[in-house]
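# Structure assessment
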Amino acid sequence: MNLASIPSPSTGVIELGPIPLRGYAFCIIIGVFVAVWFGNKRWIARGGKAGTVADIAVWAVPFGLVGGRLYHVITDYQLYFSEGENWVDAFKIWEGGLGIWGAIAFGAVGAWIGCRRRGIPLPAWADALAPGIAFAQAIGRWGNWFNQELYGKPTDLPWAVEISEGANRVAGTYHPTFLYESLWCVGVALLVIWADRRFTLGHGRAFALYVAAYCAGRAWIEYMRVDEAHHILGLRLNVWTAIIVFVLAVVYIVVSAKLRPGREEIVEPDRDTTPGKDADAKDAEQDADARKDPLSKDEPGESGEDLTAESTEAAAEKG
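Numbering of residues starts from 1 in every chain and runs along the sequence as written. Per-residue local features of the predicted model are confined to residues with pLDDT of at least 70, and side-chain atom pairs are confined, for both listing and counting, to 80 or more; whole-chain, interface and lining totals are unaffected and use all residues. Neither water nor hydrogens contribute to the side-chain values; these are computed over all heavy atoms in the structure.

### Examining the overall build of the protein chain
- Helices and strands together make up the secondary structure of the protein chain, namely 11 helices and six strands.
- Scored against the burial criterion, the 319 residues of the protein chain give a buried share of 39%.
- The contacts of the protein chain with a sequence gap of at least 6 include a subset with a gap of at least 24, amounting to 71%.
- For accessible areas, the Shrake-Rupley method is used with a probe of radius 1.4 Å. Any residue's cover is judged against the shown protein chains and nothing else. Carbon together with sulfur atoms contributes 65% to the accessible area of the protein chain, which is approximately 18500 Å² in total. Going along the chain from the N terminus, every DSSP run of H or I of four or more residues is numbered as a helix, and every run of E of two or more is numbered as a strand. Burial classes follow relative accessibility: with a 1.4 Å probe on protein chains only, a residue under 20% of its type's maximum area counts as buried, one over 50% as exposed, and anything between as partly exposed. The contact criterion used throughout is that any non-hydrogen atoms of two residues lie within 4.5 Å.

Below, the structure written as structure tokens:
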């Protein structure tokens, strides 16, 4: 018998008149806002301009949502395409189901497009965003609490989460793996902030540290979950993904530190990097100089010297 436990919401939707406010979507939105806000502060501190993070996030966030949903649908295809299931549910993102692996991968593609348009190095932008992304994940995980999903094995611990009877779930108290991951992500964010200040991380290493630290926690948390998942050699697919991505992140940190030590001195150029803008600006500057000094187009020793000679002769005749 449990003396204490975490109750789950009776519903994941709050009706605000005709507008349904879904807890899962609300947590995702708040998480994105926090990531952009905190990332903007870090970007400015590194010498960037205010608003740049938000401008690039306009590209990164939609790509990330699409990637996260694709990863979930592909790896859990049986939930949508097996007999008796409705494939249309694959588009109901508000009901839960975003794979962080796909979200980060596709989000990086969107961020790369945004950074390229602004003439900004993607690794520097990713370093600024890294702890904010971890904070966003910490907030977003509470969306799973609203949906009563992604819990662990049965337990009588005081912090167990109460799960009610429903589709594909049995009433009881379980390990709140969503809470474990939320707290882990907060720790990851604080670790990246500390390490970035202590070791002056640059060239994508702060982001790689976030990835490695998150994967380390995701591996053991994923192992505790009891929801249906594909297994390879006895381990859940996401555990293998976490291990592989962890190794890649660590390798990147080591190799990057040797090839490109230190941090970027300039993360955002002052000039406008719109294609063709530099050439137009240069031509306009030359035209302006020509208007100010009509003699600037003449070769040295020609017009200037001739004018001086003519003035001297005129003065001699007057005298």
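### Focus: unusual backbone geometry
- At H203, a residue that is not glycine, the phi angle is positive and equals roughly 55°.
- With respect to the helices, strands and loops of the structure, H203 is situated in the loop between α7 (177-199) and α8 (205-224).

### Quick look at the confidence of the model for the protein chain
- Overall, the prediction assigns the protein chain a mean pLDDT of 84, with 83% of residues at 70 or greater.
- Residue range residues 294-309 is modelled with pLDDT below 50. Its contacts to residues more than four positions away, or to other chains, number five contacts. A residue's pLDDT is simply how confident the predictor is in it, with values from 0 to 100.

### Re the pattern of salt bridges
- Counted as salt bridges are all cases of a side-chain nitrogen of Lys or Arg within 4 Å of a carboxyl oxygen of Asp or Glu. All told, the structure shown has 13 salt bridges when counted by the stated rule.
- Put simply, E268 and R118 hold a salt bridge, and the shortest N to O gap is 3.3 Å. Of the two residues, E268 sits in the loop between α9 (237-259) and α10 (277-292) while R118 sits in helix α4 (residues 100-118), which places them 150 residues apart along the sequence.
- By relative accessible area, E268 is classed as buried at 5%.
- Overlapping salt bridges bring together R141, E181, R218, E222, R225, D227 and R236 as one network.

### Notes on the packing of aromatic side chains
- By convention, a stacked pair of Phe, Tyr or Trp rings (six-membered ring in the case of Trp) has centres within 6.5 Å and planes under 30 degrees apart, an edge-to-face pair has planes over 60 apart, and any other such pair is tilted. In the structure shown here, the tally under the stated rule is 12 aromatic pairs.
- Their ring planes at 80° and their centres at 6.0 Å tell us that W184 and W220 sit as a pair that is edge-to-face. Of the two residues, W184 is situated in helix α7 and W220 in helix α8; the sequence distance between them amounts to 36 residues.
- One aromatic cluster is present, built from ring pairs that chain together W142, W145, F146 and F178.

### Let's talk about the nonpolar core
- Ranked by internal contacts, the top residues of the largest apolar core, which has 25 residues, are W101, V188, V192, F207, Y210, V211 and Y214.
- Residue assignment for this core shows that the elements contributing at least two residues are α4, α5 (122-140), α7, α8 and α9.
- Here this core gets 10 residues from one element, more than from any other, and that element is α8.
- Apart from the residues lying within four places of it in its own chain, the contact partners of V192 are A130, P131, A206, L209 and Y210.
- Joining through side-chain atoms within 4.5 Å is the link that ties buried Ala, Val, Leu, Ile, Met, Phe, Trp, Tyr and Cys residues into a set, and such a set is a nonpolar core. V36, I56, A60 and A124 belong to the second-largest nonpolar core, a separate cluster that totals 14 residues.

### Comments concerning the packing of α4 against α8
- Angles shown run from 0 to 180 degrees and are taken between the N-to-C directions of axes, each axis being a line fitted to C-alpha atoms and, for helices, limited to the stretch in contact. Taken N-terminus to C-terminus, the directions of α4 and α8 make an angle of 170°; their axes are 13 Å apart at the nearest point. With respect to α8, the axis of α4 lies roughly antiparallel. Contacts from I100, W101 and I104 of α4 reach α8 at F207, Y210, Y214, C215 and R218.
- Each residue gets one of three labels, nonpolar for Ala, Val, Leu, Ile, Met, Phe, Trp, Tyr, Cys and Pro, charged for Asp, Glu, Lys and Arg, and polar for the others, Gly among them. Class assignment for the residues of the contact of α4 with α8 results in seven nonpolar, no polar and one charged. Each angle gets one of four labels, with under 35 degrees taken as roughly parallel, over 145 as roughly antiparallel, 65 to 115 as roughly perpendicular, and the rest as oblique.

### Looking at the environment of G51
- Tracing the backbone shows G51 in the loop between α1 (23-45) and α2 (52-75).
- Among the residues examined, G51 registers a relative accessible area of 27% and is labelled partly exposed.
- For the pair G51 and V36, spaced 15 residues apart in sequence, the C-alpha separation works out to 9.3 Å.

### Describing α4
- A helix is expected to span 1.5 Å multiplied by its residue count minus one. The end-to-end C-alpha distance of α4, which contains 19 residues, comes to 26 Å, matching closely the 27 Å that a straight helix rising 1.5 Å per residue would cover.
- In the core, the buried residues of α4 are packed alongside α2, α5, α8 and α9.

### Some thoughts on a nonpolar patch on the surface
- On the surface, I243, F246, V247, V250, V251, V254, V255 and L259 cluster together into a nonpolar patch covering about 640 Å² of accessible area.
- Here V251 lies in helix α9.
- On the accessibility criterion, V251 (44% relative accessible area) is partly exposed. Only residues whose relative accessible area exceeds 30% and that take part in no salt bridge are eligible for patches, with like-charged residues grouped when within 9 Å of each other and nonpolar side chains (Val, Leu, Ile, Met, Phe, Trp, Tyr) grouped when within 5 Å.

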